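Residues per chain, in single letters:
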Amino acid sequence: MQRAVLLVFVGVFCLPCHLRAQTDQAKSIQQAMFGMWKLVSYVREELPSGVKSDVMGSHPSGYINYGRDGRMIVIIVGSHRTKPVGEIATPDEAEALIKSMVAYAGTYTIDSEAKAVTHHIEISWDQSRTGTDQVRSYKLEGNHLTLTTEPSTDPATGKKTVRTLIWER
């Protein structure tokens, strides 16, 4: 009888404490991610060889923003973009500019236990990611946020890679 009472006590009082701790941790991580982050580096690692290379040149530019309203937006451009010669880009210039950028927006959810953030993409620069969920593992260290993709086919090379982006405040 005492054992049954103890089990009920533990189930009623300790489980909500555990869930509250998980919720508090998720809120804390979400608060740490809120706001604008500037891209520091964007590197791909080929699988299984481990060969690493810059995804969009040695000095890509970009921003990612996580809003308090659960929305996110990201834009990244390569380091070797060329301004069109005239007022309007030629078809070749426009194609080169589109190929040297990544941009999308949507909502996001954070799984603090898995240390993952999922971008639920509603619009994207080339429609390839629109309607998809993109999972990124995250690591927060001081004023740096590291996002790493799951192993997947790199859209630029067609090879199996993991891509790592480092952002800073």
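Note: the structure precedes this text.
Residues numbered from 1 in each chain as written. Predicted model: local features only at pLDDT ≥ 70, side-chain atom pairs only at ≥ 80, totals over all residues. Heavy atoms only, no water.

Visitor: Give a description of the nonpolar core that names residues and reports values.
Guide: Among the nonpolar cores identified, the biggest contains 23 residues, and I64, Y66, I76, L145, L147 and W167 are the most heavily contacted of them. Of all elements in the fold, only α1 (2–33), β1 (35–46), β3 (61–66), β4 (71–77), β5 (101–111), β6 (116–124), β8 (144–149) and β10 (160–168) reach the threshold of two or more residues within this core. (Core = buried A, V, L, I, M, F, W, Y, C linked by side-chain atoms within 4.5 Å. Buried < 20%, exposed > 50% of the residue type's maximum accessible area, 1.4 Å probe, protein only. Helix = DSSP H or I, 4+ residues; strand = E, 2+ residues; numbered from the N terminus.)

Visitor: Describe in detail the packing of aromatic side chains, supporting the description with residues and values.
Guide: Counted under the stated rule, the structure contains one aromatic pair. Their ring planes at 70 degrees and their centres at 4.8 Å tell us that Y66 and Y108 sit as a pair that is edge-to-face. With a gap of 42 residues between them, Y66 in strand β3 and Y108 in strand β5 connect regions that are remote in the sequence. (Phe/Tyr/Trp six-rings, centres within 6.5 Å; stacked < 30°, edge-to-face > 60°.)

Visitor: Tell me about a nonpolar patch on the surface, and please be specific about residues and values.
Guide: Where nonpolar side chains cluster on the molecular surface, the patch consists of M36, Y63 and I75 and spans about 280 Å² of accessible area. Relative to the helices and strands, M36 resides in strand β1. (Patch = residues over 30% accessible without salt bridge, like charges linked within 9 Å, V, L, I, M, F, W, Y side chains within 5 Å. Areas by Shrake-Rupley, 256 points an atom, 1.4 Å probe, with all protein chains shown as cover. Salt bridge = Lys/Arg side-chain N within 4 Å of Asp/Glu carboxyl O.)

Visitor: Give a description of the pairing of β1 that names residues and reports values.
Guide: Bridge count between β1 and β3: four bridges; the pairing is antiparallel. Within the sheet, the bridge partner assigned to K38 lies in β3 and is Y63. Pairing analysis gives eight bridges linking β1 to β10, with the strands arranged antiparallel. Its bridge partner being in β10, L39 is matched across the sheet by W167. Pairing geometry for β1 and strand β2 (residues 52–54), over three bridges, is antiparallel. Within β2, the residue paired with V43 across the bridge is D54. Between the end of β1 and the start of β2, which pair antiparallel, lie five residues, with G50 showing a positive phi angle near 85 degrees. (Pairing = 2+ DSSP bridges.)

Visitor: How would you sum up the side chain of R129? Please name residues and give values.
Guide: Along the chain, the position of R129 falls in the loop between β6 and β7 (133–141). Here R129 sits buried without a salt bridge, and the closest side chain of opposite charge, D126, lies 5.8 Å off (N-O distance). (Lys, Arg positive; Asp, Glu negative; His and termini not counted.)

Visitor: Break down the pairing of β3 for me, citing the residues and quoting the values.
Guide: Of the two faces of β3, only one is covered, namely that formed by G62, I64 and Y66; the face formed by S61, Y63 and N65 stays uncovered. With six bridges connecting them, β3 and β4 associate as antiparallel partners. Bridge pairing links Y63 to I75 in β4. Turn length for the β3-β4 hairpin, with the two strands adjacent in sequence and antiparallel, is four residues, and the turn residue G70 shows positive phi of about 85 degrees.

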